Amino acid sequence: MRKHFDELFTNQNGMVNPKVTVHINGVTMSPGVSFGGGVSFGGVDLTQFIGKYLEVELQNGVYVITGVYN
């Protein structure tokens, strides 16, 4: 399914925080984790995708990020 970055993450003052539990490339993070640009999760800097749509699968309440729409 297609979800906008802002549906899954907050982005305030350059810090990103998941709103829901997300999983990408073997790394799972839950709300309460904050990170800025240059931080990689499973080799991916999620801040590169701010404002974009993500392809996700919902598996047992976890949003698994499988791709990015340009």
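In this report, the structure presented in the accompanying data block is examined. (Residues numbered from 1 in each chain as written. Predicted model: local features only at pLDDT ≥ 70, side-chain atom pairs only at ≥ 80, totals over all residues. Heavy atoms only, no water.)

### With respect to the sheet that holds strand β6 (residues 53-59)
Strands pair in a sheet through their backbones, by hydrogen bonds, and they do so in one of two ways: parallel or antiparallel. Spatial strand order, β1-β6-β7-β4-β5: five strands in an open sheet with mixed pairing. On the outer flanks of this sheet lie β1 (2-4) and β5 (27-29), each paired with one strand and no other. Between one strand axis and the next, the sheet turns by 40° as a mean value, whatever way the strands run. Relative to β5, strand β4 (residues 22-24) runs antiparallel, the two being bridged by three bridges. Across the sheet, residue H23 finds its bridge partner in β5, namely T28. (Pairing = 2+ DSSP bridges. Helix = DSSP H or I, 4+ residues; strand = E, 2+ residues; numbered from the N terminus. Axes fitted to C-alpha atoms, helices over the stretch in contact; angles between N-to-C directions.)

### Considerations on the packing of aromatic side chains
One pass over the structure, following the stated rule, counts two aromatic pairs. Pairing F5 with F9 gives two aromatic rings, centres 4.7 Å apart and planes at 20°, and the pair type is stacked. Assigned by exposure class, F5 and F9 land together as buried. Seen from their ring centres, F35 and F41 are 4.6 Å apart, and the 65° between their planes marks the pair as edge-to-face. Taken as a pair, F35 and F41 share a single burial class, namely buried. Over the ring of Y53 we find R2, and its NZ or CZ is 4.4 Å from the ring centre. Sitting above the plane of the Y69 ring, R2 keeps its charged end 4.3 Å from the centroid. (Phe/Tyr/Trp six-rings, centres within 6.5 Å; stacked < 30°, edge-to-face > 60°. Buried < 20%, exposed > 50% of the residue type's maximum accessible area, 1.4 Å probe, protein only. Lys NZ or Arg CZ within 6 Å of the ring centre and 35° of its normal.)

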